[in-house]
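# Observations on the model geometry
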Amino acid sequence: MFNSKLKNFSLGKSLGMSLVLLAFVVGCGEQTEQQVMVQQAVKIEQADSCHLCGMTISNFPGPKGESYASTQDDINKFCSTRDLFGFILQPENKRQVKEVFVHDMSKTPWGQPNDEHFIDAKQAWFVIGSTKTGAMGQTLGSFSVKSDAEVFMQEFGGQLYQFDDITLADL
């Protein structure tokens, strides 16, 4: 009888631990799309250099970019959104693009973008041709919300684009 109670206790304890573990796993799976995306973006360190031009990224104002290719695990970092697009739109790179991130300039200062405000570039709105400059002169302003991009355009000029509409000719 004692063994029977012990087995029931152990079974109940195992079942209880399993339920707690299941609740924890399910709870962890309830992250928003933006939280999951931000975990994939990487902080730009002081000494990081641009994958395209080699310049030190942190020395310049304006939105920066990052991309993962399907053929590699390392992230490519860029000193400007212009260099980012200049790289990912090259025919040999375009098919390899897996993840792309840019700063949301409606949430961070132009002069020194905060890496906590990276967004999925494929969902972003871009302003091309504004008077604001980045590392390589004119750059693309990047925004998570269309209305923020439109307000930016009213003040600094430019034209509105979405990720899939941008071509090398636009740069």
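You'll find the structure just up there.
Bear in mind that the values here come from a model prediction, so they are computed numbers and not experimental data.

Right, let's talk about the overall build of the protein chain for a bit. On a plain count of helices and strands, the protein chain comes out with five helices and nine strands. N-terminal to C-terminal, the α/β element order of the protein chain is α-α-β-β-α-α-β-β-β-β-β-β-α-β. Residues classed as buried in the protein chain amount to 36% of the 171 residues present. Excluding contacts between residues fewer than 6 apart, the proportion of contacts in the protein chain whose partners are at least 24 apart in sequence is 60%. Accessible surface computed for the protein chain: about 10100 Å², of which carbon and sulfur atoms make up 54%.

So, about the packing of aromatic side chains. According to the stated counting rule, one finds seven aromatic pairs in the structure shown. Judged by centre distance (6.4 Å) and plane angle (90°), the ring pair of Tyr68 and Phe101 falls under edge-to-face. In this pair, Tyr68 is assigned in strand E1 (residues 65-69) and Phe101 in strand E3 (residues 97-103), connecting sequence segments 33 residues apart. Like Tyr68, the residue Phe101 is buried in the burial classification. Plain terms: the ring middles of Phe85 and Phe163 are 5.6 Å apart, the flat faces sit at 50° to each other, and that makes the pair tilted.

Applying the stated criterion to the full structure yields two salt bridges. The residue Asp48 makes a salt bridge to Lys77 at a minimum N-O spacing of 2.5 Å. One end of the pair, Asp48, is in the loop between helix H2 (33-40) and E1; the other, Lys77, is in strand E2 (residues 75-78), and 29 residues separate them in sequence. Taken individually, Asp48 and Lys77 each receive the classification buried, so the pair is uniform in this respect. Taking the shortest distance from any N to any O, the salt bridge between Lys107 and Asp104 comes out at 3.8 Å. According to the relative accessible area criterion, Lys107 is partly exposed, its value standing at 47%.

Strand order in the open sheet formed by four strands is E2-E1-E3-E4, with antiparallel pairing between adjacent strands. Every interior strand has two partners, whereas the edge strands, E2 and strand E4 (118-120), have only one. For this sheet the average axis-to-axis angle between neighbouring strands, irrespective of direction, equals 25°. Sheet analysis places E1 next to E2, joined by four bridges and oriented antiparallel. When the bridges of E2 are listed, Tyr68 appears paired with Ile75.

Cut-offs applied
- Residues numbered from 1 in each chain as written.
- Predicted model: local features only at pLDDT ≥ 70, side-chain atom pairs only at ≥ 80, totals over all residues.
- Heavy atoms only, no water.
- Helix = DSSP H or I, 4+ residues; strand = E, 2+ residues; numbered from the N terminus.
- Buried < 20%, exposed > 50% of the residue type's maximum accessible area, 1.4 Å probe, protein only.
- Contact = heavy atoms within 4.5 Å.
- Areas by Shrake-Rupley, 256 points an atom, 1.4 Å probe, with all protein chains shown as cover.
- Phe/Tyr/Trp six-rings, centres within 6.5 Å; stacked < 30°, edge-to-face > 60°.
- Salt bridge = Lys/Arg side-chain N within 4 Å of Asp/Glu carboxyl O.
- Pairing = 2+ DSSP bridges.
- Axes fitted to C-alpha atoms, helices over the stretch in contact; angles between N-to-C directions.

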